[in-house]
Amino acid sequence: MAKALYLLAVLCSLISQIPAVLDSGGDQYLKAVWVLPFLYLLLSNPRSYLKNELLFFYFFVFIFAYYCFVCDMFTDGKYFTEDLYNTAVSLLMTTVSFNFWKNHSSNGVLQAICLIFAVSGTILAINVYINFLQGASVTSATYAFSDKNSVAQILLCCVTFVLIFSQSSTRLMLWVNRFLALIMLFILILLRSRATFVSGLVIIGYYIFKSGNKRARYWFFIILSLVVMYIASNTSASDIIYNGIIMGGRDASDVNDVSSGRVFLVMIAIAQIPEHLWVGIGDYYVDCMPINILLQYGVVGVIIVFTFLFYLFRILKKHHKTGKICSTAYIIYLSFLVNALFEARPPFGPGVRSFTLWMLVGFALAEICKSTKNKEISKQPILPTTKNS
């Protein structure tokens, strides 16, 4: 039952991002499905929610919520914002995933999640292409799909997950998953989300320079070299990549235009920081998470949020070579931190955009918990046996 409920929650999360579902408001009901595995696991394995590996997350959310409550009570700003909601949802995703993976992990479950990511991600990508991208210019300064950044980041996570974890006893199924990943990657490129492209470079860079899998490093390098050589030798491709994707169809001589107006808005936000240095201004939005947090919650809020993010980074970095789960959680986490430089809500949100990250964080913490337990068992002294005379 736990496996069925958890897989249903994963499926509903991805399906909820189809534009037609979002427009109808049905996404709220689909995302609420996460309550089902949460309650089932709470009733069947309540102690798993109290493991040491999760305590730092509970502590962070409590401190952040209390800080927002105090600021909301004693200042004129509004501090109960989307950020607090996103952190609470991230906690839910992490704790449910931790409990599930700790007690029900198997390669079969991982392959089922892979299949869900491959099929649902492709359905989402094709739906966006048919309704928004088909026939749209890739060099226009106007984007055909307004939610491109969120969908692109979801597709990046789907592609990464499928390519890393997909295994099959039959070559046909393995190549079907890879083909679906290729479709998602193609449509991701058509979305022209430059923030996601930079996030993707983090993942590619890790596998070229840091991965212990020499075969993966070799193929990443070969494929990347071939792509670069093709782009460099083809004038039309170079124009599309540079003017359409990197520049976004904008004036290369105007930094603010290239950044889609972000530079101007960030400068406005920075100018307000000295007046609200310690506790911030309250609800505000600018597409740069560090600046956004500093202006909203002040220096105190930045210390709370970034202490948690740094602590999580240390945990994942320490264990990222212990297996695929931990290494994938680590590189996805890094990609979201980079993405946060160009967006306001990552790595906690918005919504389903970051659910893959917190699912993998939960899995990684469960792997660390099981590894720690195994080490403790192995250190226990073996009692000598005596022969009866």
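Everything in this summary refers to the structure shown in the same document.

## Some points on the overall build of the protein
- Across its full length, the protein holds 17 helices and 0 strands.
- The globule rule puts the C-alpha radius of gyration for 389 residues at 21 Å, and the 23 Å found for the protein is close to it.
- Dimensions of the protein, computed from the C-alpha atoms along their principal axes, are close to 95 × 60 × 40 Å.
- A buried classification covers 47% of the 389 residues belonging to the protein.
- Across the protein, 29 positive and 18 negative side-chain charges occur, with their mean positions spaced 21 Å apart.

## Comments concerning the packing of aromatic side chains
- Scanning the entire structure with this criterion turns up 26 aromatic pairs.
- A centroid spacing of 5.4 Å and a plane angle of 90° characterise the contact between Y6 and W34, whose relative ring orientation is edge-to-face. Within this pair, whereas Y6 is found in helix 1 (residues 2-15), its partner W34 is found in the loop between helix 3 (27-31) and helix 4 (35-44), the two being separated by 28 residues in sequence. Taken as a pair, Y6 and W34 share a single burial class, namely buried.
- With a centroid separation of 4.7 Å and 25° between ring planes, the pair formed by F117 and F161 is classed as stacked.

## Concerning the environment of Y85
- For Y85, the location among the structural elements is in helix 6 (residues 82-104).
- When the C-alpha positions of Y85 and F165 are compared, they lie 30 Å apart, and in sequence the two are 80 residues distant.

## Quick notes on the environment of V300
- By the secondary structure assignment, V300 is in helix 15 (residues 289-319).
- For the pair V300 and V279, spaced 21 residues apart in sequence, the C-alpha separation works out to 6.2 Å.

## Comments concerning the packing of helix 7 (residues 107-133) against helix 9 (residues 171-191)
- Contact geometry for helix 7 and helix 9: axes closest at 9 Å, N-to-C directions at 35°. Considering the relative orientation of helix 7 and helix 9, their crossing is left-handed. Here L115, F117, A118, V119, G121, T122, A125, I126, V128, Y129 and L133 of helix 7 come into contact with helix 9, specifically with M173, N177, L180, I183, M184, I187, L190 and L191.
- Here the residues of the contact of helix 7 with helix 9 sort into 16 nonpolar, 3 polar and no charged.

## Looking at the pattern of salt bridges
- The full count for this structure, using the stated rule, is 5 salt bridges.
- Here D27 and K31 are joined by a salt bridge, their closest N and O atoms 3.4 Å apart. Here K31 and D27 lie together in helix 3, a separation of 4 residues that amounts to about one turn.
- With relative accessibility at 7%, the residue D27 sits in the buried group.
- Overall, the relative accessible area of 24% leaves K31 in the partly exposed class.
- Between R345 and E82 there is a salt bridge, with the nearest N and O atoms lying 3.7 Å from each other. Here R345 is found in the loop between helix 16 (324-339) and helix 17 (355-379), whereas its partner E82 is found in helix 6, with 263 residues between them in sequence.
- A relative accessible area of 36% means that E82 is categorised as partly exposed.
- Bridged by salt links that share partners, the residues E82, D83 and R345 form one connected network.

Procedures and definitions
Every chain begins its residue count from 1, and numbering advances along the sequence as written. In view of the model being predicted, local features appear only for residues whose pLDDT reaches at least 70, and side-chain atom pairs are presented and counted only at 80 or more, with totals across whole chains, interfaces and linings using the full set of residues. Only hydrogens and water are set aside when side-chain values are computed; all heavy atoms of the structure are taken into account. We count a stretch as a helix when DSSP gives it H or I for four or more residues in a row; a strand needs E for two or more, and each element gets its number in order from the N terminus. The atom set for the radius of gyration is the C-alpha atoms, and the globule formula is 2.2 Å times the number of residues raised to the power 0.38. A simple rule labels every residue: compare its accessible area, found with a 1.4 Å probe on the protein chains alone, to the largest value its type can have, and call it buried under 20%, exposed over 50%, or partly exposed in between. Charge convention: Lys and Arg are scored as positive, Asp and Glu as negative, and His as well as the terminal groups of each chain are ignored. By convention, the point assigned to a charge is CZ for Arg, NZ for Lys, CD for Glu and CG for Asp. Classification of ring pairs rests on two measures: the distance between centres of Phe, Tyr or Trp rings, Trp counted by its six-membered ring, which must be within 6.5 Å, and the angle between planes, read as stacked under 30 degrees, edge-to-face over 60 and tilted in between. The axes used here are C-alpha line fits, helices contributing only the stretch in contact, and every angle between their N-to-C directions lies in the interval 0 to 180 degrees. Rotating anticlockwise by less than a right angle from the far helix to the near helix defines a left-handed crossing, while the corresponding clockwise rotation defines a right-handed one. Working rule for contacts: check all heavy atoms of both residues, and any pair within 4.5 Å makes them a contact. Three categories are distinguished: nonpolar for Ala, Val, Leu, Ile, Met, Phe, Trp, Tyr, Cys and Pro, charged for Asp, Glu, Lys and Arg, and polar for the others, with Gly belonging to the last. Each reported salt bridge corresponds to a side-chain nitrogen of Lys or Arg within 4 Å of a carboxyl oxygen of Asp or Glu.

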